Structures are given as structure tokens and as C-alpha cells.
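Survey of secondary and tertiary structure
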Amino acid sequence: MAPIAASPVLCPPWRHVRRWVRGALFALTGGTLAVSMPFASATAQDGTPTFQIFQFPADGMPRIDGDAADWAMVPQSYAVTTAHMTENDGKHAGPNPATLDISVKVGWVKGLNRLYFLYEAYDDYWDFALPGLHNDTFEVVVDGDASGGPLIDNGHKDVWTPDVVGAARAVRDPRISVAEAHWANHGVHAQNYHVFTPARDKDWTMAWGSPTWIKAFPYANAKVEYDFQPGQAGRLTLEFWITPYDYAGAEGPERAVESVLRENKLIGLGWVVIDYDDVKKSENNGFWTLSKQRRMFGNASDLPLFRLMPMEAGSRRSPDAQWSFTVVDMDRRLVAFRDESAGDIRSWKWDFGDGSFSTEQHPQHSYAKPGNYVVILDVTGADGTARRSKVWDVQLR
């Protein structure tokens, strides 16, 4: 097998200040910059770029079958490779595609709170014979609202340090056991997935923390394809999706709060590739992180930022007429219409279905009578015309 070609390129009170700081940093690290830049819209102080998440059209979302063909529409500029990663244990001066070569693409679909992943990797020694944690691993960490802060319990002193949580917080309160802190915090506001590459005779991932339910369908799904045995070289293709959560408690999905995904939103996201090269040795042969900070696996403040991108021009019809509405006042039958068309739109024509029309982009209209209406939007753009009709969606009494 040939290596992959390298690409060019609920919250506790103590976290409120960190949340505010993180929000302020958005304005400094690309939150207001243009999104048309080819790869990264900004760079953090440590040199980590703002990566991009590709928007799939709703009728072209990836099928989780281990076949990368669905990802052919994703430009190579979205690929994050070994060249973007750092080996944090000092075992390697830099990446060597002859021994380990990685390419990751991340996608999303507007209206779904899911993150899709395509992980392609070449390894000269795939280590996955044992049933425990000793397994080549793609460890993904996601903080869907980029609120930052430790996502693991305070028993982990490498993360709960004064520079991260403050001097007072770094001293564990003996009245609260590490076990209690685990149930309250570990994996709750940000999630860590130890994805086994590949998983043999075990679940596809370990959800590291108290909400272990997040790895099961319908909250996640995965499929892997490979043609090698333990200890052999070869190429692996893994497709999966996960649901990011602002709150994911150990009690299950009943009170969980999904992270809402929207265009141009920045999320905290990163990964570690743990490479084992000898089934007889407990020590790994590389701890490759996307962040410059090794403790990104447990501190969401150290995660890189990813931007949820608008749809690429070649992935959609242009123009594409789309619209939504809100009944502002049912007693007055007042409806606000919002144009959501894609493309370079120059003019709009609304037919409200009662003999009234408008050429505003986002009009309001008051209906004289109750009823069910057929409302039509015609748009004209630089590339032609398009129409969107909704039959009896607008219902007034």
C-alpha cells in the first residue's frame, strides 16, 4: 500500500470567566474575518490555524459505509494532515509519511447537529490485537460551543494546574471525591472519543468520561474498511459522525443539550493520533496532536478552532430559492418572511397567495382572512432564476 499523498496544507461557575475570555478571543482570532480564504481565516498565537469544516448539501451527505467516494466533492484544501500535527513526546522530529501518514476531513450538514469525519491513514505497523486501550487510536476532542476549560475530572493533575484553572481551584477540595467530580464534569461540556483504528472485537470507540452513551446510535455512527492484519502495514479508511453537546450528563440523553451548528460558527475541535508499533511494548511510538498543547485531550481551551463553512459554490444550484417564515402575530395574521436563497441574488418577487406581492428581500405581510396559503418566492441572480413554492405551510386562523 502506498502512503497517502501529503496535503499542502451544564457548566460550573468557575468556568464563566473562561467562557467570556474565550468569546472575546473569537473577535481576535478570526470571528469577523472573511470566510473566502482558501484554508485558514486566522492563526492563533501558537501558530495553529483556524481550520475549515466542509458543508455538505442535504442531498449529498456522506453515507457511513467506509467508502470515501462521498467525500470527492470536498476540496483538498479542507484536508488536515500529519504535516499539521506535532509529536508531543519528542519521539520524532517530524512526520515521516513512509511510517505514518494521516489525512482528515471534517464535514457538516446545515440543520443537523452532527460532525462527519473521513479519517484516512497509512501505517507501517497497525497495532490492534489487544482488547484494551493498547490500540492505534484516533482520539477526537470536541467543544461544540468553544467554551473551553477542563473536560476531565480533577484527578488529572496534568490538566488541573494553576495556570489552567487558577491557584485556588487547582487545590482539590477533599470534601468532593474524584469519583464525584468525574460524574459531574468528565465529558459533560466537551467530549473525548478514543476511536480505535481499527476496532477488533470491541466498540468502535471509547467515550472517555461519564456520558458513555454518546458513542451509540442514534448519537453517533461509524464504519471502517481495511485489508491488513495486526502488525502489518496498510491503509485504513474510517467514516463516522458524532453529535457535539453543550451538556451531556451521565444520566443519558434525556437532559442533554446538543451544540447548535450554524454557518460561520467557530467550535473547539482537535485530535490526537496515538501510534503503537509493538504489541509487546506498553509504550506508544508517537503521540501526535493537532494542537501545539499536549493537554488538549483534557483541556478544551487548548483545542484548535474550526469554522463551519458556508456551502461551496460548486456544491449547490445557483441561484437556489429558499425561504422561511414566522407568524409574528396570529391575531393580526401578521407573517414575517425571510429569504434564505443561495447565490448572487439581485431581485426578489413574493406572491403571498392572497393576491398580494412584494419585491422586498425580507417582507412582512398581514393577511385579511384566515386560511391556508400557497406562497411563492421567485429570485433572479447573476446565473439565472429560481422559484420556491410552499403549499399550505402558511396556515392562519
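For the structure itself, look to the data block above.
A short tour of the structure in this document, coming up. Quantities reported herein were computed from a predicted structural model and do not represent experimental measurements. (Residues numbered from 1 in each chain as written. Predicted model: local features only at pLDDT ≥ 70, side-chain atom pairs only at ≥ 80, totals over all residues. Heavy atoms only, no water.)

**Here we look at the overall build of the protein**
For clarity, the threshold we go by: Helix and strand labels come from DSSP, where a helix needs a run of H or I of at least four residues and a strand needs a run of E of at least two; each type is numbered from the N terminus. Each residue is placed in one exposure class: buried if its accessible area under a 1.4 Å probe, protein chains only, is under 20% of its type's maximum, exposed if it is over 50%, and partly exposed if it falls in between. Each accessible area is a Shrake-Rupley estimate made with a 1.4 Å probe; only the visible protein chains count as cover when residues are assessed.
Of the regular secondary structure elements, the protein holds four helices and 22 strands. Counting all 397 residues of the protein, 48% fall into the buried class. Carbon and sulfur atoms form 52% of the exposed surface of the protein, whose accessible area is close to 18200 Å².

**Some points on the pairing of strand 18 (residues 345-351)**
Convention followed: Strands qualify as paired when DSSP identifies two bridges or more between them.
Strand direction decides the pairing type here: strand 18 and strand 21 (residues 371-381), joined by six bridges, are antiparallel. Residue pairing for strand 21: Ser-347 is matched across the bridge by Thr-380. Two elements, strand 18 and strand 19 (residues 357-358), share two bridges in a ladder whose sense is antiparallel. The partner of Asp-351 across the bridge, within strand 19, is Phe-357.

**What to know about a nonpolar patch on the surface**
As a reminder of what qualifies: Surface patches are drawn from residues lacking salt bridges whose relative accessible area is over 30%; two like charges belong together within 9 Å, two nonpolar side chains (Val, Leu, Ile, Met, Phe, Trp, Tyr) within 5 Å. The term salt bridge refers to a side-chain nitrogen of Lys or Arg lying within 4 Å of a carboxyl oxygen of Asp or Glu.
Together, Val-374, Val-391 and Trp-392 line one region of the surface with nonpolar side chains, adding up to about 300 Å² of accessible area. Assignment of secondary structure puts Val-374 in strand 21.

**Some thoughts on the environment of Phe-352**
Mapped onto the secondary structure, Phe-352 falls in the loop between strand 18 and strand 19. On the basis of relative accessible area, Phe-352 is assigned to the buried category, the value being 2%. Put simply, Phe-352 and Val-374 are 22 residues apart on the chain and 7.0 Å apart in space, counted from C-alpha to C-alpha.

**Observations concerning the pattern of salt bridges**
Using the criterion set out here, one finds 16 salt bridges in the structure. Note that Lys-215 is salt-bridged to Asp-203, the shortest N-O span being 2.9 Å. Highlighted residues: Lys-215 in the loop between strand 8 (205-207) and strand 9 (220-226) and Asp-203 in the loop between strand 7 (191-196) and strand 8, separated in sequence by twelve residues. One salt bridge connects Arg-387 with Asp-378, and the closest N-O pair in it is separated by 2.8 Å. Through salt bridges that share partners, Asp-89, Lys-91, Glu-283 and Arg-294 make up one connected network.

**Comments concerning the nonpolar core**
What counts here: Side-chain atoms within 4.5 Å link the members of a nonpolar core, which is a set of buried Ala, Val, Leu, Ile, Met, Phe, Trp, Tyr and Cys residues. Any two residues whose heavy atoms approach within 4.5 Å are treated as being in contact.
Grouped together as the largest cluster of nonpolar side chains are 41 residues, with contacts concentrated most on Phe-117, Ile-242, Leu-269, Trp-271 and Phe-306. Mapped onto this core, the elements with two or more residues apiece are strand 1 (51-56), strand 4 (100-109), strand 5 (115-123), strand 6 (137-143), strand 7, strand 10 (234-242), strand 13 (266-274) and strand 15 (305-308). For this core, the element with the highest residue contribution is strand 4, accounting for five residues. Those residues in contact with Phe-306, other than ones at most four positions away along the chain, are Phe-51, Gln-52, Ile-53, Val-80, Val-106, Lys-265, Leu-266, Ile-267, Leu-269, Trp-271 and Leu-290. One finds Val-165, Ile-274, Tyr-276 and Phe-297 within the second-largest nonpolar core, a separate group that totals 17 residues.

**Quick word on the sheet that holds strand 18**
The antiparallel open sheet is built from four strands, whose spatial order is 19-18-21-22. Each edge of the open sheet is held by one strand with a lone partner, namely strand 19 and strand 22 (384-396). In terms of strand pairing, strand 21 meets strand 22 through eleven bridges, oriented antiparallel. Note on strand 22: the bridge partner recorded for Gly-371 is Leu-396.

**Details of the sheet that holds strand 20 (residues 364-366)**
Just so we agree on the cut-off: An axis is simply a line fitted to the C-alpha atoms; with a helix, the fit covers only the stretch in contact. Between two such axes, the angle follows the N-to-C directions and lies from 0 to 180 degrees.
Taken together, three strands build an open sheet; the order of strands is 16-17-20 and the sheet is antiparallel. The outermost strands of the open sheet, each flanked by one partner alone, are strand 16 (323-329) and strand 20. On average, adjacent strands in this sheet sit at an angle of 25° to one another, irrespective of strand direction. By the bridge criterion, six bridges tie strand 16 to strand 17 (residues 334-339) in an arrangement that is antiparallel. From the neighbouring strand, Thr-326 faces strand 17, where its bridge partner is Ala-336.

**Examining the side chain of Thr-82**
Checked against the element boundaries, Thr-82 lands in the loop between strand 2 (80-81) and strand 3 (86-87). Residue Thr-82 is classed as buried on the basis of its relative accessible area, which comes to 3%. Look past the residues within four positions of Thr-82 in its chain and what remains in contact with it is Pro-95, Leu-100, Asp-101, Ile-102 and Trp-288.

**Notes on unusual backbone geometry**
The step from Thr-197 to Pro-198 runs through a cis peptide bond, and the omega angle for that step is -10°. Position of Pro-198 relative to the elements: it lies in the loop between strand 7 and strand 8. In the segment running from Phe-217 into Pro-218, the intervening peptide bond is cis, with an omega of 15°. Tracing the backbone shows Pro-218 in the loop between strand 8 and strand 9. Positive phi values are uncommon outside glycine, yet Ala-146 reaches one of about 50°.

**A short note on the layout of surface pockets**
Note the following rule: Cavities and pockets were defined on a 1 Å grid built from protein atoms only: a cavity is a group of points that admits a 1.4 Å probe but offers it no way out, a pocket is an open group of points flanked by protein on both sides within 12 Å along at least five of seven lines, and a lining residue is one with an atom within 4 Å of any such point. Grid points are joined across faces, edges and corners, and a volume is the space filled by probe spheres set on the points. Note on residue classes: Ala, Val, Leu, Ile, Met, Phe, Trp, Tyr, Cys and Pro are nonpolar, Asp, Glu, Lys and Arg are charged, and everything else, Gly too, is polar.
Looking at the second largest pocket, its volume works out to about 520 Å³. Gln-55, Lys-110, Met-311, Asp-320 and Gln-322 are the residues nearest the centre of the second largest pocket, which is lined by 18 residues in total. For the lining of the second largest pocket, the class distribution of residues is seven nonpolar, four polar and seven charged.

**Description of the environment of Gly-384**
Take Gly-384: it is sitting in strand 22. Residue classification places Gly-384 among the partly exposed residues on the basis of a relative accessible area of 26%. Here the alpha-carbon distance between Gly-384 and Gly-343, two residues 41 residues apart in the chain, equals 9.8 Å. When sequence neighbours within four positions are dropped, the list of residues in contact with Gly-384 reads Pro-319 and Val-379.

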